[in-house]
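Topology and contacts: notes
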Amino acid sequence: MARKKGRQPLQKLSSNAPQNPTEKDPQQLKVKDYGSKDTSLESRSRKAPISPESHSSIKRPKTLAGPLSPPRSHLDRLPPEILHAICEQLFEDDIPALRLQCKYLCEAATPHFLHSVDARFKKTSIESLLALSKHPILSHNVETISYEPNMVQKKSRLQWEKGSSMVGFSRRIHDFPHPPKQSASEREWRLFHRTSRAVIRHEMEQKHTQKELDLAWPIYQRYLQEQDDMIRQDYACQDLLQAFQGFPNLSAIHINYGWGLWPGYETLNPFDDGLCKATSHNSDAGDTVRGLKELMPLLRMLCGARINLLSFRVGCLNWRFFERCGNDGEHADFFEKLKQMVACLKDFKLVITTWSDFDTDDAEIYEEEVIRCREYLANGLLGRLLAAAPDLRKLAINFDEYEQECPINFRYIVLDTYWSHLHTIDLDSVDTHEEDWMLFFERHASTIKCLSLSMVRLLEGEWADVLERMQGLLDLDEVHFGDLFSDRPWQYWALGPRGYTSSRDDSAKENQLQWALEGFMVHGGECPLRDELSASGQI
């Protein structure tokens, strides 16, 4: 029987093959006899390999795809509805890999791709955003744009070299250990902190070679030149406007200036190759009011863009923005346009700063800024802006500075406004009178389900009494606490905020109180602050 072209001698595959090539091996006959019913693993493992050129001329046996064959994915056989359900459970970073598998999976995964886009104050980043806005398919996917107008600081060569050692740190952030769970022991937390500090010390000791510095310096200078060109073009607002209007389903814009919206977060640095970072400390902006030169053109552009926004978050926005938008300010006409822009919002977050780029280390100047902010915002301008968004579901007002006084009183945030759909409220660095506080929660008792409080100061009364009244009034699903104060009597509860104080070595007791208090607000029981007061002899 002639051997078909392309088959290899079975003697090379079996040590039991006969020495005489003309002698028929009974086992070999079984393998060649495709009609036989011998489908054992041993018989299949002795099949001769098939060369590519003879592949089409040989009839395939039914048992060819046996256990030794690589597993075959059946994702491409699933109906589109199932694939869409799978894609909804994936991280967005996994969607590109799925789209590359085959045309069918690409079509199924594309609607779940690029729902959120990040952009920076960088020429190539804005050009990429413009290109995406012109894509016939992907431009319809974009719903959220997060934009960072932070800029690279101008430095001399010596200053730049001194500050370059920590650049590239974000690329090595994977070396950090993962934080333990909330229920972890103090020993686990201490191990986490020791390891984290060791990683930071190691990174700070890293130095770039002279060759790396010589290669990066021209790139740094190019970034500065491109940045100056964009500033002269009104901070590239026309390009951004064209890009934003190219996304028909855009409904959320988040502007992160400095650390405002994501304090302490690390992301890939787009200026790594120039050994520099973009920051909010821009002394060349020509204004001591930090961020106003960068944010004002952007906010004006958004007011004229006529985008139906449902979510708008800005941080850090200097408090003097409201001063300049007041009745006597230079941008008084702009404030009315801003109220029209926020009219349809369901999610509104403002992180307001009292810091400015004063060339001084005098702490009294910054304390005076807090006092002036408090005095000016007592006119209710911020409250009137929030009242212009009647359909809010999420409201967050955070200040970044707390001195002898808070930058604002709670009554000037909420006024007498009633938001019929308010579900979540997040407050940071505000003070309040007990009655104003309780009147607000009585108005919204049927809707508020999520509460976040940090650095909130009670001007009279005790937090134990107030929280017990709130717990009996509200039906909460989620609560987060940071530090709480009261003036009369003076009390201070070091509770957080979550994810920050939990990283301190000495915070185990405070975290336990924080979690107990959050559990009390959701599930009821006895207020944990009563036990603390009893243990300290205050009651």
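Below, the structure is looked at part by part. Worth saying up front: this structure is predicted, and the values here are computed from it rather than measured. (Residues numbered from 1 in each chain as written. Predicted model: local features only at pLDDT ≥ 70, side-chain atom pairs only at ≥ 80, totals over all residues. Heavy atoms only, no water.)

Looking at the nonpolar core
Formally: Put simply, buried Ala, Val, Leu, Ile, Met, Phe, Trp, Tyr and Cys residues joined by side-chain atoms within 4.5 Å make one nonpolar core. Only protein chains enter the accessibility calculation, which uses a 1.4 Å probe; a residue whose area is less than 20% of its type maximum is buried, one above 50% is exposed, and one in between is partly exposed. Secondary structure counts use DSSP, requiring at least four H or I residues in a row for a helix and at least two E residues in a row for a strand, with both numbered from the N terminus.
Within the largest apolar cluster, 110 residues are counted, with the highest numbers of intra-cluster contacts made by Phe312 and Trp437. No other element matches the 9 residues that helix 11 (residues 292–305) contributes to this core. Leu213, Tyr220, Leu224 and Cys276 belong to the second-largest nonpolar core, a separate cluster that totals 11 residues.

Section: the environment of Asp214
Quick note on the threshold: We define a polar contact as two N or O atoms separated by no more than 3.5 Å, with the added condition that, inside protein, one atom must be a possible hydrogen donor and the other a possible acceptor, whereas residues neighbouring each other in sequence contribute only through side-chain atom pairs.
Looking at the secondary structure, you find Asp214 in helix 9 (residues 210–232). Among the residues examined, Asp214 registers a relative accessible area of 41% and is labelled partly exposed. Of note is the side chain of Asp214, whose polar atom sits 2.9 Å from the side chain of Arg157.

Structural notes on the state of the cysteines
As a reminder, the rule being used: Criterion for a disulfide: a pair of cysteine sulfur atoms within 2.5 Å.
This structure, assessed with the given rule, holds 0 disulfides. We note that Cys102 lacks a disulfide partner, and the nearest cysteine sulfur, in Cys106, lies 8.5 Å from it. Assessed through its relative accessible area of 29%, Cys102 is described here as partly exposed.

Some words on the packing of aromatic side chains
Threshold: Any two rings among Phe, Tyr and Trp, with Trp reduced to its six-membered ring, count as a pair given centres within 6.5 Å; such a pair is stacked if its planes are under 30 degrees apart, edge-to-face if over 60, and tilted if neither. Cation placement over rings: the criterion is NZ of Lys or CZ of Arg within 6 Å of the ring centroid and within 35° of the ring normal.
Going through the model one piece at a time under the given rule, you end up with 16 aromatic pairs. Measuring from ring centre to ring centre gives 6.1 Å for Phe121 and Tyr235, while their planes differ by 40 degrees; the resulting arrangement is tilted. In this pair, Phe121 sits in the loop between strand 1 (116–120) and helix 6 (123–133) while Tyr235 sits in the loop between helix 9 and helix 10 (237–245), placing the two residues 114 residues apart along the sequence. Of the two residues, Phe121 and Tyr235, both sit in the buried class. These aromatic residues form a ring-pair network of at least three members: Phe410, Trp437, Phe440, Phe441 and Trp463. Lying across the ring of Phe271, Lys122 places its NZ or CZ 5.2 Å from the centre. The side chain of Arg222 reaches across the aromatic face of Tyr223, ending 5.2 Å from its centre.

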